[in-house]
Amino acid sequence: MKLENIIRDIECEALHGTRDREVSDIAYDSRKVVPGGMFVAIEGTVADGHDYIEAAIEAGAGVIVAEKEVTVSDGAVTLIRVKNGRKALSLMSAAYFGYPAKKMVTVGITGTKGKSTVEHMVRDIIEKSGKKCGIIGTVGAFMNGKSIVTEHTTPESYDLQKLFAMMVDEGCEYMVMEVSSQGIKMDRVAGIEFDYGVFTNISPDHIGPGEHENFEEYLACKAELFRRCRTGIINRDDAHYDDIVRGASCEIITFGMSEEADLAAKDIRHVVNGGDLSMEFTAEGMIDGKIVVGLPGRFNIFNAMCAACTGVALGMPKDAILHALENVKVRGRVEVLPVSDDFSVLIDFAHNGVSSESVLSTLREYNPHRIISIFGCGGNRSKVRRYEMGEVIGRLSELSILTSDNPRREDVMDIIEDIKTGMAKSDGKYVVIPDREDAVAYALSHAEKGDMIVLLGKGHEEYQEINGVKHHYSEREAVVKGMQKVFGKDFSFLL
C-alpha cells in the first residue's frame, strides 16, 4: 500500500525522504520488520523502540515513524515524526488493513469482572441466531472455528487490526471484544468507533507500576469507551454508574436489579442439579419471563442481563438469547469439572481480592461442606493484591493451599510470605505447597463429601511464567493428573 494512504489519518511531519513509496507491512517490533516495511518506534515500559531504529533499517525498513528527534543512517529511508506513536500505529494499521472494523458490527466490553463471560454469552447469542461472530479477549481470538493465541486481553493495535481483517475474510458479520483499561490507555483501540460499548462493573484493580497510577485513572479509561461508541449498555447498579455515564456521547441502555434499569432481574434462584450449578431469575423490561443461566453465582445474573441487553440491542431473537444463556459454558470461569459425585472441583480466573470474594461468596450460597481454595499471586505486581487475596480467601475458605501463580521474576516463597500477611487477618487455615500440581493433588487427596475445591487465578491460562519463561501448565491437566494419582481414575476426557 502507498505510504500516503497509510498516513492520511495521522498528524505527522515528514523529516526525510519521500511519501510516494510502497509499504509492504507495518511493525512495532524491529525483529518483525520485512524488506520495504514500516517500523514504528514506540517508547514502552520495558524497552524503547527508538533504540532499535538502526536494527529495523538493517532488516530492510523503508519507513521509520518516531516520536523523538532521531536521525537515520540510510538516505533512502523515509523518516516521519509523530506526537503519539501508539495512536499513530493504531490509525495507520486500520488504514493498512482497509478499516476492517467498519465492515462488521462491533461490540466492545469493558469492566473489572465479567468481560470474558459476557463476551462468550454474546457470541453464543449471535451464533445461535445464525450469524458469524469473531471474538477477541483474555482467552484469545476465535473466528469461524479457528483459534489464535493473543498476548494481551486487548492486543496491540496492529495485531488487533490484523485480527479484524482475518474475521472479515472468514465471513464474520459481528465482532465482540474485551476492551481493557490498558488497551484504552495505550491507544490500542484508538480510532475505533464501536457500535456497542458494554460496561459490566468496576472495582480497584490493575493499579500499580506499569499499569494505572490510581483508581481515578483506571475509572477514566473505562469511561472513555462510552465516548467512542454509538450505544452504551451499562450496569445501572454499579456504584460508579454516574461516573461512567458522565460525559458519555452515546445512547444509554441499562441493566440491573434496580427498577430504573431497562432490563431488571427479580426472584433470583440458585439451582443444584446433580453436579451442575446454575441460576434462574425473572426478567422484566427489554425481555419478560424466566431466564436460566448455565453458570453459578449471583454475578452471573448480571453477566446474563448484560448479554441479554446486548442481544436485544443487536436485534437477535428472544429464543436465541434464552437458549444461549441456558447453555453457556466459559472455560476457566467458575467452570465445574465433573470428576466426583462426592465433591466439586471448579476452575476460575479470579486473581484479586474482589473477584475472589465474589466467587467464594457465590459458592457459599450453595452450602458446601467446606471450601478448599488453591491460589497464589503474580510476581512483579502490587503487593496490595496479595494482602487482599490472603485476607479474603482466608476468611471464606476452610482451607487454603498457598502455591505458585506466575511468579515471574520473584521468588515464589517471597510472594507466599506476602499472602500470609493477609491470611493473618483471617481465621483461615492454610498449608504451603509451592508446586501447583502438587497443591492440586493434595486438595484432591484431602477432599471430603460435600467439599468444593476451587482453583483460583489461572483459569484458562496454560502456562506458568517463571524468570521470564512461560512453562506449560494447565489447571485441567493438573486435576486429571491428580485424580489419576490419588484415585487411579482416568479423566483424560476433560482435556
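All values reported here derive from a predicted model rather than from experimental measurement.

Draft legend 1. Expanded view of helix α13 (residues 412-423). Over its twelve residues, α13 extends 16 Å from the first C-alpha to the last, a length consistent with the 16 Å expected when each residue adds 1.5 Å. Of all the residues in α13, the buried ones are Ile-415, Ile-416, Asp-418, Ile-419, Gly-422 and Met-423. End-on, the buried residues of α13 take up no more than an arc of 155°, which puts them together on one face. Buried residues belonging to α13 abut β19 (371-375), α12 (383-396), β20 (399-402) and β21 (429-432). Its side-chain oxygen placed 2.7 Å from the backbone nitrogen of Met-413, Asp-411 serves as the N-cap of α13.

Draft legend 2. Main features of the sheet that holds strand β22 (residues 452-456). Read across the open sheet, the six strands follow the order β17-β18-β22-β19-β20-β21; overall the sheet is mixed. Unpaired on one side and paired on the other, β17 (335-337) and β21 mark the two borders of the sheet. Taking the axes of each pair of neighbouring strands and ignoring which way they run, one obtains an average angle of 20° across the sheet. Packing against the sheet, α13 makes contact with β19, β20 and β21, and its axis sits at approximately 175° to β21.

Draft legend 3. How the structure looks around the pairing of strand β15 (residues 276-285). Two elements, strand β14 (residues 263-273) and β15, share nine bridges in a ladder whose sense is antiparallel. By the bridge assignment for β15, Val-271 is matched with Ser-278. Counting the residues that bridge the hairpin from β15 to strand β16 (residues 289-293) gives three residues.

Draft legend 4. Examining the pattern of salt bridges more closely. Enumeration according to the criterion identifies 34 salt bridges in this entry. A salt bridge links Glu-170 to Lys-146; its shortest N-O distance comes to 2.6 Å. One end of the pair, Glu-170, is in the loop between α5 (157-169) and β10 (174-178); the other, Lys-146, is in strand β9 (residues 146-148), with 24 residues separating them in the sequence. For Glu-170, a relative accessible area of 18% corresponds to the buried category. Taking the relative accessible area as the measure of exposure, Lys-146 reaches 45% and is therefore partly exposed. The shortest N-O distance in the salt bridge between Arg-230 and Glu-193 comes to 3.4 Å. Of this pair, Arg-230 sits in strand β12 (residues 229-235) while Glu-193 sits in the loop between α6 (181-185) and β11 (194-199); the two residues are 37 residues apart in sequence, bridging distant segments of the chain.

How each quantity is defined
- Starting from 1, residues in each chain are numbered consecutively following that chain's sequence as written.
- Only residues with pLDDT of at least 70 are given local features in this predicted model, and only at 80 or more are side-chain atom pairs given and counted; all residues enter the totals for whole chains, interfaces and linings.
- Values reported for side chains reflect all heavy atoms of the structure, with hydrogen atoms and water molecules removed beforehand.
- A run of DSSP states H or I qualifies as a helix once it reaches four residues; a run of E qualifies as a strand once it reaches two. Both are numbered from the N-terminal end.
- An expected span of 1.5 Å times one less than the residue number is assigned to each helix.
- Think of it in three bands: residues with accessible area under 20% of the maximum for their type are buried, residues over 50% are exposed, and the middle band is partly exposed, with areas taken using a 1.4 Å probe on protein chains only.
- This arc describes the spread of directions from the helix axis toward the C-beta atoms.
- Two residues qualify as a contact provided that any one of their heavy atoms is within 4.5 Å of a heavy atom in the partner residue.
- Under this definition, polar contacts are N or O atom pairs within 3.5 Å; protein pairs additionally need one hydrogen-donor-capable and one acceptor-capable atom, and for neighbouring residues in sequence, both atoms have to be side-chain atoms.
- Here, a strand pair is defined by DSSP locating no fewer than two bridges between the strands.
- Angles here are taken between N-to-C directions and fall from 0 to 180 degrees, while the axes themselves are lines fitted to C-alpha atoms, restricted in helices to the stretch in contact.
- A carboxyl oxygen of Asp or Glu within 4 Å of a side-chain nitrogen of Lys or Arg is what we treat as a salt bridge.

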